[in-house]
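# Survey of secondary and tertiary structure
Here is how the chains run, residue by residue.
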Amino acid sequence: MNYLIKRTVSIVFILLFVSILTFLVFEVIPGDPVLAKLGIDADEAQVEALREELGLNRPLAVRYASWISNAVKGDLGTSIRFDMPVMDLIKDRLGLTALITAMSLILIIVVGFPLGILIARHENIFGLGLSLLSQVGMAIPSFWLGIIITSVFGLSLKLFVPGQYVPIAEDPRAGFSYLFFVVLAIAIPNIAVIVRYLRDSVLEQKGQDYIRTARSKGGGENYIMYNHILRNALLPVITVLGMLTANVLGGSLVVEKVFNVPGIGRLLIMAVSTQDLPLVEGIVLYLAAIVVLINFGVDLLYRVIDPRINLT
Amino acid sequence: MKKVFTILLLLGVMLAVAGCTDSESSQNESKFVVAVPQDPDFLDPHKAAASGTEEMMFNVFEGLLKANHEGKMVPAVASSYDVNGLEYTFKLRKDIKFHNGNNVTIEDVEYSYKRLRGDFSEKPLSSGFEGVEITVIDSETIKFVLPEINASFLGYLTEAVIPASLTDEDHNKNPVGTGPYSFVEYVPSQKVVITRFDEYWQKDVASIKDVEFRIFADNQTALMSLQSGAIDLYPRINAESIDSIPEDCTYIEGPQNMIQIMAMNNKVEPFNSIKVRQAINYAVDVDAIIAAVANGRGLKLGSNMSPAMKVYYQEGLEDTYNLNLEKARQLLKEAGYEEGFTTSITVPSVYQFHVDTAQVIASQLAEVGITAEIKKIDWNAWLQEVYTNRNYEMTVIALTGKLDPHAVLNRYSSDYGRNFFNYANDQYDELMKQAVITTDQEQRALIYKEAQQILADEVPCVYIMDPNLIAAMKKNVKGYQLYPIYIQDIAVLTLTAE
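Keep in mind it's a predicted model, so treat the numbers as computed, not measured.

### Details of the overall build of chain B
Across its full length, chain B carries 14 helices and 20 strands. Taking 23 Å as the expected radius of gyration for a compact globule of 498 residues, we find that chain B reaches 25 Å, a close match to that expectation. Projected onto its principal axes, the C-alpha coordinates of chain B cover approximately 90 × 70 × 40 Å. By residue count, 56% of the 498 residues in chain B fall in the buried class. For chain B, restricting intrachain contacts to residue pairs at least 6 apart in sequence, the fraction spanning at least 24 positions comes to 70%. Entry remark: accessible area of chain B is about 20500 Å², with carbon and sulfur atoms responsible for 48%. In chain B, the 43 positive side-chain charges and the 69 negative ones have mean positions that sit 3 Å from each other.

### Considerations on the overall build of chain A
Each helix and strand counted, chain A has 12 helices and zero strands in total. The N-to-C order of helical and strand elements in chain A reads α-α-α-α-α-α-α-α-α-α-α-α. In terms of its C-alpha atoms, chain A occupies a principal-axis envelope of roughly 85 × 55 × 35 Å. Burial statistics for chain A: of 312 residues in total, 52% are counted as buried. Taking all contacts inside chain A whose residues are at least 6 apart in sequence as the whole, residues at least 24 apart take part in 73%. As displayed, chain A offers around 14200 Å² of accessible surface, 67% of which is attributable to carbon and sulfur atoms.

### Some details on the sheet that holds strand S7 (residues 141-145) of chain B
All names here are of chain B. Taking strand neighbours across the sheet as the criterion, the four strands line up as S4-S5-S7-S6 in an open arrangement whose pairing is antiparallel. Unpaired on one side and paired on the other, strand S4 (78-84) and strand S6 (133-138) mark the two borders of the sheet. Sheet twist, expressed as the mean angle between neighbouring strand axes with direction ignored, is 20°. In this structure, strand S5 (residues 87-92) lies alongside S7, joined through five bridges in antiparallel fashion. Bridge pairing links Thr89 to Lys143 in S7. Along the sheet, helix H3 (residues 106-117) makes contact with S5, S6 and S7, crossing S6 at roughly 175°.

### A few points about the pairing of strand S8 (residues 181-187) of chain B
Residues and elements named next belong to chain B. The pairing of S8 with strand S9 (residues 191-196) spans six bridges and is classified as antiparallel. Counted as the bridge partner of Ser182 is Thr195 from S9. The loop that links S8 with its antiparallel partner S9 comprises three residues; one of these, Ser189, has a positive phi angle of about 60°.

### Digging into the interface of chain B and chain A
Taken together, the 66 residues of chain B in the interface contact 64 residues of chain A. Where chain B meets chain A, there are three salt bridges. The salt bridge involving Lys123(B) is made with Glu48(A); its shortest N-O contact spans 3.6 Å. Remark: the boundary between chain B and chain A carries 12 residue pairs in polar contact (both at pLDDT 80 or more). Elements supplying a minimum of two residues to the side of chain B that touches chain A: helix H1 (2-19), strand S10 (210-215), helix H6 (219-227), helix H11 (379-388) and strand S17 (394-399) of chain B. Within the side of chain B that touches chain A, the residues separate by chemical class into 31 nonpolar, 22 polar and 13 charged.

### With respect to the packing of aromatic side chains
Within this structure, the stated rule accounts for 37 aromatic pairs over all chains. For the pair Tyr337(B) and Phe341(B), a centre-to-centre distance of 5.3 Å together with 70° between the ring planes defines the contact as edge-to-face. We note Lys37(A) situated over the ring of Phe42(B); from NZ or CZ to the ring centre the distance is 3.9 Å. Here the guanidinium or amino end of Lys66(B) rests over the ring plane of Phe58(B), the centre of that ring lying 5.2 Å away.

### Points about unusual backbone geometry
Residue and element names in this part refer to chain B. Each neighbour pair has its own omega, and for Glu269 with Pro270 the value is -5°, a cis peptide bond. Position of Pro270 among the secondary structure elements: in the loop between strand S13 (259-264) and helix H7 (274-283). Phi angles above zero are rare outside glycine, and Asn295 is one such case at about 55°. Along the chain, Asn295 turns up in the loop between helix H8 (286-293) and strand S14 (298-300). With a phi close to 60°, Asn422 is a non-glycine residue in the positive phi region. Within the element layout of this structure, Asn422 appears in the loop between helix H12 (405-409) and helix H13 (426-436). Judged by its relative accessible area of 12%, Asn422 falls in the buried class.

### Observations regarding helix H5 (residues 86-121) of chain A
Over its 36 residues, H5(A) extends 50 Å from the first C-alpha to the last, a length consistent with the 52 Å expected when each residue adds 1.5 Å. For H5(A), the principal kink sits at Arg93(A) and spans about 30°.

### Thoughts on the domain arrangement of chain B
All names here are of chain B. Split by domain assignment, chain B resolves into domain 1 (61-173), domain 2 (181-256 + 469-495) and domain 3 (259-467). The distance between the C-alpha centroids of domain 1 and domain 3 comes to 35 Å. At the junction of the two partners, domain 1 supplies seven residues and domain 3 supplies nine residues. Taken together, the two surfaces of domain 1 and domain 3 that pack against each other cover about 700 Å², and 62% of this comes from carbon and sulfur.

### Quick notes on the environment of Leu107(A)
Residue and element names in this part refer to chain A. Relative to the assigned elements, Leu107 resides in helix H5. Accessibility expressed as a relative area gives 4% for Leu107, which makes it buried. Linking Leu107 and Arg212, residues 105 residues apart in sequence, is a C-alpha distance of 33 Å.

Rules used in this analysis
- Residues numbered from 1 in each chain as written.
- Chains lettered and ligands numbered in written order.
- Predicted model: local features only at pLDDT ≥ 70, side-chain atom pairs only at ≥ 80, totals over all residues.
- Heavy atoms only, no water.
- Helix = DSSP H or I, 4+ residues; strand = E, 2+ residues; numbered from the N terminus.
- Rg over C-alpha atoms; globule rule 2.2 N^0.38 Å.
- Buried < 20%, exposed > 50% of the residue type's maximum accessible area, 1.4 Å probe, protein only.
- Contact = heavy atoms within 4.5 Å.
- Areas by Shrake-Rupley, 256 points an atom, 1.4 Å probe, with all protein chains shown as cover.
- Lys, Arg positive; Asp, Glu negative; His and termini not counted.
- Charge placed at Lys NZ, Arg CZ, Asp CG, Glu CD.
- Pairing = 2+ DSSP bridges.
- Axes fitted to C-alpha atoms, helices over the stretch in contact; angles between N-to-C directions.
- Salt bridge = Lys/Arg side-chain N within 4 Å of Asp/Glu carboxyl O.
- Polar contact = N/O pair within 3.5 Å; in protein donor to acceptor, adjacent residues only side chain to side chain.
- Nonpolar A, V, L, I, M, F, W, Y, C, P; charged D, E, K, R; others polar.
- Phe/Tyr/Trp six-rings, centres within 6.5 Å; stacked < 30°, edge-to-face > 60°.
- Lys NZ or Arg CZ within 6 Å of the ring centre and 35° of its normal.
- Expected span 1.5 Å × (residues − 1).
- Bend = angle between axes of the 7 residues up to and from the residue.
- Domains from an automatic or database assignment.
- Buried area = accessible area lost by both parts, 1.4 Å probe.

Below, the structure written as structure tokens:
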């Protein structure tokens with residue numbers, strides 16, 4: 001219980017720190033949200049009117065104070081670029097990115113775990129081949145994979161129409177099948193990572209004394225694998241999986257642009273490139289919260305897998 | 001081995017599920033899809049300033065006047081008008097309706113232009129109506145009285161007429177206008193949808209019914225979408241992508257009234273010397289740039305005006321500084337830079353076209369001993385450092401076209417707030433002031449031509465080209481018209497059965 005309180009307080013501080021940092025970064029990097037929105041051909045009267053309306057002429061501390069006091073009340077302000085409440089913009093997209101992230105994680109686990117175990121079990125040419133393949137997979141950037149997948153599955157095989165995402169609410173089947181290819185582009189490099197970790201971890205456990213003991217007690221190979229080796233091998237892999245979640249989220253940010261999927265990533269890229277501070281703050285806060293919470297969840301999961309771990 | 005099969009099977013099933021849907025993806029076939037690169041800045045036409053917004057909303061809004069494809073102002077919400085010195089009198093068109101079905105009244109017209117003047121907000125929304133008296137004469141006549149002569153005033157009357165009954169919030173959420181298409185919905189970073197307005201004052205103009213402007217953040221994605229057949233019209237496709245335009249598509253190209261320049265900071269050494277600027281102009285081979293960067297698809301310029309502006313364009317300036325390394329070296333010597341010098345070209349990294357141009361220029365300048373380092377910076381940094389703070393040496397950028405020659409040329413006036421060239425010339429300033437108060441169109445054109453001549457003589461910039469606009473479209477799309485402004489006129493398009 002004590003642990004939970006401590007953890008919650010630290011999460012709040014982390015988020016506060018992130019929000020201040022974002023504000024400061026935007027103060028330092030060059031740019032002007034009004035010009036970024038209206039372009040270089042805008043009438044000067046329009047530029048001035050908008051600057052006044054947005055209150056951009058106020059000092060930094062005042063702007064932050066007014067923003068944070070609204071934020072704790074749940075009002076994240078209005079996006080400069082889109083002229084809409086930040087909450088509305090995020091709400092519409094967060095679900096989609098969360099779905100993409102969840103689907104990617106599932107695919108990573110469903111494909112990565114068995115593949116990792118398989119490679120660890122077959123230390124021969126077959127295993128080596130798969131290892132090599134995973135090495136290649138790690139080296140491929142998601143956005144490039146996205147272009148390749150689009151041209152193979154979209155243009156040649158015509159399994160989906162490039163750039164034409166159908167919202168899941170409109171047509172669940174078309175929506176999911178489009179997302180499947182998005183997920184594929186994100187998952188493949190991450191599958192490669194998980195496979196490597198699992199393989200190394202399993203091989204390390206395999207050589208341990210307790211395995212020999214288990215074997216001498218007459219345990220079958222499968223029994224030993226799933227009840228002894230895997231249980232111990234999984235621990236470092238879970239840590240990596242936690243970190244991969246952030247990775248998957250980041251991958252989604254990039255791949256969304258390639259596939260023209262209206263997720264949070266495209267919104268974030270847009271927000272940063274147009275200096276839309278309220279929107280960036282909102283998104284960053286949400287993403288930071290998700291990553292922090294997932295790490296928290298991973299810590300809790302440790303305990304379930306290894307009861308010896310004491311969370312204090 | 002069994003597990004391998006299980007995995008493969010699983011993947012196979014997922015693929016199969018995904019593959020089954022291709023037959024259904026044609027559900028929005030009836031919509032005419034146009035690829036655009038960016039979101040609108042505001043839907044409210046009086047607040048919108050970005051050319052990317054105008055590109056779409058040109059179809060939705062009209063002012064008293066409207067630009068046609070030649071760049072001429074023609075009556076739209078007005079049926080006729082009369083200019084008498086400082087007085088501009090407009091007759092409202094009879095039986096003209098808003099998209100919400102209401103008739104356009106003279107009060108709506110009054111409201112729209114008073115709103116632009118800033119009557120209902122802290123600051124004006126347009127600088128064109130400052131000090132202008134707006135008076136309703138009767139139910140179909142409105143009069144504008146200017147405080148002083150302003151030859152550019154008619155251009156401001158293309159600003160949209162919108163219903164007085166709507167609130168500011170409505171104007172930005174569900175905008176209503178009088179154009180051939182009415183606004184349906186805007187989904188941020190996805191699409192803007194418009195539909196044909198059947199009670200448009202001009203009968204039987206628009207033929208295509210539903211139009212979706214689909215927003216693509218990435219050129220490559222848009223191109224692949226065109227190849228897959230999901231897009232009907234892709235304006236502004238890159239010149240190097242022309243070979244990737246699929247079989248069932250075609251393209252139209254022409255000048256787009258854009259001016260690509262390499263600006264020099266006229267207040268910074270050595271560019272404060274006219275000889276240095278001329279030397280650079282002689283050293284830069286514009287023809288080579290057009291060939292290398294635009295695949296030859298661009299019109300060579302000699303001053304700050306595109307030939308697309310037929311009436312005002314001064315011909316024959318484009319060959320003033322044809323490549324002449326001897327002359328360039330001679331001028332550098334006269335200016336005291338016989339050994340050349342080291343400088344930089346700052347260029348916004350988002351525009352590959354400008355980055356490529358800068359690279360070609362840098363290699364050309366090396367021939368006369370000028371070492372130009374290319375500094376790629378992000379667009380926001382460019383806006384701040386170059387455009388606002390004028391903290392740069394040379395930069396490559398393009399200025400989008402305007403219908404009003406004043407907006408194009410006044411950028412070089414010494415008192416103009418965004419004169420990032422830091423160019424100052426009393427004679428030029430005088431010409432600009434004179435042009436504003438000259439109402440005789442021929443006389444006015446002559447003044448602007450003279451101004452172009454000054455720019456060609458003193459070369460505050462290297463004037464490069466008007467890159468061709470290349471619009472790719474399906475072969476069944478007919479009637480596409482190039483405009484000298486950044487818009488897509490959907491009403492003139494028709495689809496043939498094929």
